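Chain and residue survey
Chain by chain, the residues:
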Amino acid sequence: MDGRDEMRAADADREAVADRLRVALGEGRLDLHEYDERLQRAYAARTYAELDVLLTDLPPVASPERSTLATAGLAGSPAGGVGGQSAPAGRAVAARWLAEIWLPYLRVIAIVVTIWAVTSLLSQELLYFWPAWVAGPWGAVLAVRTITGITGGEPRRQAVERERRRRRKQAKRERRRELRAGEPDERDDPQPAS
């Protein structure tokens, strides 16, 4: 045996490589086909050498605090704070994420309570407050999602992904403009007289 390379890999080692490949896919370093191919090879790997080969062309993962790359790339956010965001920018991201989660709930609850109130007024008596059966369970699920999302950094991840999609759309629009600029306009070409 020549050291670590020939040693058997554990399930935890395969999971760690799979997680690194997922990160590389999210960063755009791997396309979906290559990710799928490497993931299959990772779960089939028997030794550390077979796992190491899957990561050799990928840079190591840096923590957001130490990274000078993509996470600092939120447009217009000054470098500083966690993940390249200043404290006010981080709060704005969290506020937008909370609004996306809670506003549909609040709208539906307003509609349901209005229906209850109108039916109570029309029947001229206070009816059983059935909107609690809509608001209670849904609100509990949203509260859990909010707590786990904020502690897990979901608002920042979602903002980074939103910015990545915005940049892709912008790059696509620019490519289209370049293609259109390179193509001659049919109106500019004189038609030969027959």
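Residues numbered from 1 in each chain as written. Predicted model: local features only at pLDDT ≥ 70, side-chain atom pairs only at ≥ 80, totals over all residues. Heavy atoms only, no water.

Thoughts on the overall build of the chain
When helices and strands are counted, the chain shows six helices and zero strands. Ordering the α and β elements of the chain from the N terminus gives α-α-α-α-α-α. Across the 194 residues that make up the chain, the buried fraction comes to 22%. Pairs at least 24 residues apart make up 62% of the contacts formed inside the chain by residues separated by at least 6 positions. Within the structure as shown, the chain displays about 14000 Å² of accessible surface, and the carbon and sulfur contribution to it stands at 59%. (Helix = DSSP H or I, 4+ residues; strand = E, 2+ residues; numbered from the N terminus. Buried < 20%, exposed > 50% of the residue type's maximum accessible area, 1.4 Å probe, protein only. Contact = heavy atoms within 4.5 Å. Areas by Shrake-Rupley, 256 points an atom, 1.4 Å probe, with all protein chains shown as cover.)

Brief notes about helix H5 (residues 132–151)
Between the first and last C-alpha of H5 there are 28 Å, a value that for 20 residues agrees with the 28 Å anticipated at 1.5 Å per step. Restricting attention to buried positions, one finds in H5 the residues Ala135, Gly139, Leu142, Thr146 and Gly149. Within two residues after H5, Gly153 carries a phi angle of roughly 80°, on the positive side. (Expected span 1.5 Å × (residues − 1).)

Comments concerning the side chain of Arg38
Inspection of the secondary structure assignment puts Arg38 in helix H2 (residues 32–44). Ignoring sequence-local partners within four residues, the contact set of Arg38 consists of Leu21, Leu30, Leu54, Asp57 and Leu58.

Some words on the packing of helix H1 (residues 11–27) against H2
Following both chains from N to C, one finds H1 and H2 inclined at 175°, their axes separated by 9 Å at the closest point. Here H1 is positioned roughly antiparallel relative to H2, judged by the angle of their axes. Of the residues in H2, those touching H1 at Arg14, Glu15, Val17, Ala18, Leu21, Arg22 and Leu25 are Leu32, Tyr35, Arg38, Leu39, Ala42 and Tyr43. (Axes fitted to C-alpha atoms, helices over the stretch in contact; angles between N-to-C directions. Parallel < 35°, antiparallel > 145°, perpendicular 65-115°, else oblique.)

What about the nonpolar core?
By size, the foremost hydrophobic cluster in this structure holds 13 residues, and its most contacted members are Val17, Leu21, Leu30, Ala42 and Leu51. If you list the elements that add at least two residues to this core, you get H1, H2 and helix H3 (48–55). If you tally residues by element for this core, the top one is H1, at four residues. When residues no more than four places from it in sequence are discounted, the contact partners of Ala42 are Arg14, Val17, Leu21, Leu51 and Leu54. Judged by nonpolar contacts, the second largest core, of six residues, contains Trp97, Tyr105, Ala135 and Leu142. (Core = buried A, V, L, I, M, F, W, Y, C linked by side-chain atoms within 4.5 Å.)

Things to note about the pattern of salt bridges
Taken as a whole, this structure holds 14 salt bridges when the rule is applied. The partner of Asp57 in a salt bridge is Arg38, and the shortest N-O contact between them spans 2.8 Å. Of this pair, Asp57 sits in the loop between H3 and helix H4 (87–123) while Arg38 sits in helix H2, placing them 19 residues apart in sequence. The class for Arg38 is buried, based on a relative accessible area of 8%. Where Glu154 meets Arg157, a salt bridge forms, and the shortest distance between an N and an O atom there is 3.0 Å. (Salt bridge = Lys/Arg side-chain N within 4 Å of Asp/Glu carboxyl O.)

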